[in-house]
Each structure stands twice: as structure tokens, then as C-alpha cells.
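Architecture at a glance
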Amino acid sequence: MDLYLNGKTAVVTGGSQGIGRAIVKELALEGVQVFATARNEALLNSLKEEVRAAGGVAPVTFVQELTAPEAPQRIAAAAMESLGQVDILINNAGRSCPLDVTGPEEAWQNSLALDFDRPRQLTQALLPHLMARRQGVILNLVSSYELRSVNVSAVAKAAITTWSKQLAGQLGQYGIRVNCLQPGLIDTENVRRLFNAAERQQFAAQQIPLGDFGEPEDMANMAVFLVSPRARYITGSVAVVDGGMRYHPF
């Protein structure tokens, strides 16, 4: 199926590994010029070579620690300079932050900054451009599954979901769509440290109808569809990719 993405431009944060890397690659294979930003320069460089080898459009890469207060403006300015215009923004960067119920204030502030403030600020930096062009797509990656212990990242991602729905309600008049993408248990470094092979097999057999954890490519396939013109009538939604596990808060 032609997704009508050839020639589009996209900004993807956290693009060097895991789900973000898979998204960058799939977009590039669809002919999208991607501006991929992450902390790890070596991983970004290897991503560029991987995309070239697969026959995709080599991404523009930008090394930036998203926790820095100036990061959103720097990323927005560099993306506009490199791409000329932005059609798609995918806020993917994030980091799990489990804490005790009386966890330290600094950890709360740092995690909320990374997982809520910085995506909001980057979006707001690019919104005047998108609104002036009266088109664009924003996709926000949100929390994995409903937890029974405190995790600041999950709290921030819940806020991202609510904010995304609010944005969708106000930006539709400008031709801008806003959606969220919510993973189940996806086989990434973040998840592998929580389950060894035997635990993964046991959990999947008991809790996931499709019988195993997902792959980053499963998330990328849904992400690329949601930002494509094929999804032109989808906004304000939370798409779930979890193999039927259904442990999600939204």
C-alpha cells in the first residue's frame, strides 16, 4: 500500500535505538527525509549507514541531550534549517523512572522534564510553522502499560496523552492531526532488563494472546501509518500495539 509519504519530512526524537530507531528506518524506507535526534552519536551514525544499506533516504542526525532546557529550541531550529519545512513530528524520547513512594524531588523534576516538558516545548516550538502551513501530524509515544508502582515517566506520559487530546481538539481547524502511540511489552533494552528469557516466555504465555513480546518494527509500522495521509481522519486517538495484552490506562 502506498502511504503517500515520499518526499515528506519528519523530526523524530530518541531516534538512535529501540522503537525510535525502527520508526526512523521505516519512515526513511517510505521516502521521508528524517531529522533524527538522540544522545548517542555512534548509534546515530550507525543508523544512517543502516538506512543507506536498506535503500532508504539517509536521515539527517543531530546529537542532543533532550533533558537540557535549551534542547527543544535547538532541535526545532536545526530541523528547520536542515529540512526547510517539517511535516511530521514524532516525540519518542523517554526514559523509565521507577521510584519509591517518597522518591526524591530531583528525580521527579528530571523525569517530568524529559517525558513531558521537553516534548511539549519542542511541539510548541514547531507549531507556529505547522499552523502557518495549515498541515502537519504530531505523534506522541506514551507509557507502556498500567503500573502498580510509582514510575514518574508513566505519570508524565499520562499527562502527554491528555495534552495530546486537547491539542487535537484545537488544531484540527489548521489541518493538524495529533495522536498517541502506546506500546505493550516491546523487545527493547528497556524491557529486556526486566524479564529474562524464561520470565518473558512465561509472562507472554499467560498474559499476551499473541504469545510473545512485540518487536520495535511492530510499533514502527503503526507509527508510519498514523503519520501518513492514509490516516487522514484519525486524530485525538491512542493507538495500542500490545499483542492483546490490554494492560493500558487509556
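This report concerns the structure included in the present document. None of the values given here were measured: they were computed from a predicted structure. Each chain carries its own residue numbering, running from 1 in the direction its sequence is written. Owing to the predicted nature of the model, reporting of local features is limited to residues with pLDDT of at least 70; listing and counting of side-chain atom pairs is limited to 80 or more, with chain, interface and lining totals taken over all residues. Excluded from the side-chain calculation are hydrogens and water; included are all heavy atoms of the structure.

**Overview of the nonpolar core**
- Within the largest apolar cluster, 32 residues are counted, with the highest numbers of intra-cluster contacts made by Ile 23, Leu 27, Ile 90 and Leu 181.
- Secondary structure follows DSSP: runs of H or I at least 4 residues long count as helices, runs of E at least 2 residues long count as strands, and numbering of each begins at the N terminus. Going through the elements one at a time, β1 (9–13), α1 (18–29), β2 (33–38), α2 (41–54), β4 (88–91), β5 (136–141), α8 (216–226) and β7 (238–241) are the ones with two or more residues in this core.
- The element best represented in this core is α1, accounting for 6 residues.
- The term nonpolar core refers to a set of buried residues drawn from Ala, Val, Leu, Ile, Met, Phe, Trp, Tyr and Cys, joined through side-chain atoms within 4.5 Å. Accessible area is worked out with a 1.4 Å probe on protein chains only. A residue is then buried under 20% of its type maximum, exposed over 50%, and partly exposed in between. Grouped together as the second largest cluster of nonpolar side chains are 31 residues, Leu 66, Ala 76, Ile 176 and Cys 180 included.

**Some remarks on the side chain of Ser 111**
- Note on placement: Ser 111 falls in helix α4 (residues 105–133).
- Any two residues whose heavy atoms approach within 4.5 Å are treated as being in contact. The contact partners of Ser 111, leaving out residues within four places of it in the chain, are Arg 95, Cys 97, Phe 116, Val 152 and Ser 153.

**A short note on the packing of aromatic side chains**
- Aromatic rings from Phe, Tyr and Trp, with only the six-membered ring used for Trp, were paired whenever their centres fell within 6.5 Å, and each pair was classed as stacked if the ring planes differed by under 30 degrees, edge-to-face if by over 60, and tilted otherwise. Scanning the model with the defined rule gives 5 aromatic pairs in all.
- Ring geometry for Phe 35 and Phe 62: centres 5.5 Å apart, planes at 35°, overall tilted. Taken together, the positions of Phe 35 in strand β2 and Phe 62 in strand β3 (residues 60–63) put the pair 27 residues apart, joining distant regions of the chain.
- When its relative accessible area of 1% is taken as the criterion, Phe 35 is described as buried.
- Where Phe 203 meets Phe 213, the ring centres are 6.4 Å apart and the plane angle is 80°; that geometry is what we call edge-to-face. On the criterion of sequence distance, the pair formed by Phe 203 in helix α7 (residues 197–207) and Phe 213 in the loop between α7 and α8 is long-range, its members being 10 residues apart.
- An aromatic cluster is built from Phe 195, Phe 203 and Phe 213, whose rings are joined through pairwise contacts.

**A few points about the side chain of Arg 177**
- The topology assignment puts Arg 177 in strand β6 (residues 176–183).
- Among buried Asp, Glu, Lys and Arg side chains, Arg 177 stands out as unpaired, with Asp 87 the closest opposite charge at 11 Å.
- Ignoring anything within four residues of it in the chain, the contact list for Arg 177 reads Gly 136, Val 137, Ile 138, Leu 226, Val 227, Ser 228, Ala 231, Arg 232, Ile 234 and Thr 235. Think of it this way: Lys and Arg go in the positive column, Asp and Glu in the negative one, and His and the chain ends go nowhere. Whenever a carboxyl oxygen of Asp or Glu lies within 4 Å of a side-chain nitrogen of Lys or Arg, that contact is scored as a salt bridge.

**Overview of α2**
- One fewer than the residue count of a helix, multiplied by 1.5 Å, yields its expected span. Helix length check: α2 (14 residues) gives 20 Å between terminal C-alpha atoms against 20 Å at 1.5 Å per residue, within 8%.
- Its buried side turned inward, α2 meets α1, β2 and β3.
- A 3.5 Å cut-off defines polar contacts: any pair of N or O atoms within that distance qualifies, except that in protein one atom must be a possible hydrogen donor and the other a possible acceptor, and neighbouring residues in sequence count only when both atoms are side-chain atoms. You can read the cap of α2 off the contacts: a side-chain oxygen lies 3.1 Å from the backbone nitrogen of Ala 42, and it is on Asn 40.
- Phi for Gly 55, located one or two positions after α2, is positive at around 90°.

**Some thoughts on the layout of surface pockets**
- Of the pockets and cavities examined, the largest pocket occupies roughly 1,200 Å³.
- For cavity detection a 1 Å grid was placed over the protein atoms alone, and a set of points counts as a cavity when a 1.4 Å probe fits there but cannot get out; an open set counts as a pocket when protein lies on both sides within 12 Å along at least five of seven lines, with lining residues being those that have an atom within 4 Å of a point. Taken together, 46 residues make up the lining of the largest pocket; nearest its centre are Gly 94, Arg 95, Ser 96, Thr 188 and Asn 190.
- Counting residues per element, the ones that place at least two in the lining of the largest pocket are α1, β2, α5 (152–171) and α6 (189–192).
- Residue contributions to the lining of the largest pocket peak at 4 residues, all from α6.
- Each residue belonging to the lining of the largest pocket can be placed in one class, and the counts come to 18 nonpolar, 19 polar and 9 charged.
- Lining the second largest pocket are 13 residues; nearest its centre among them are Lys 8, Val 137, Arg 177, Val 227 and Pro 229.
- When residues are sorted by character, Ala, Val, Leu, Ile, Met, Phe, Trp, Tyr, Cys and Pro go into the nonpolar class, Asp, Glu, Lys and Arg into the charged class, and all the rest, Gly among them, into the polar class. Residues of the lining of the second largest pocket, tallied by class, amount to 5 nonpolar, 4 polar and 4 charged. Grid points are joined across faces, edges and corners, and a volume is the space filled by probe spheres set on the points.

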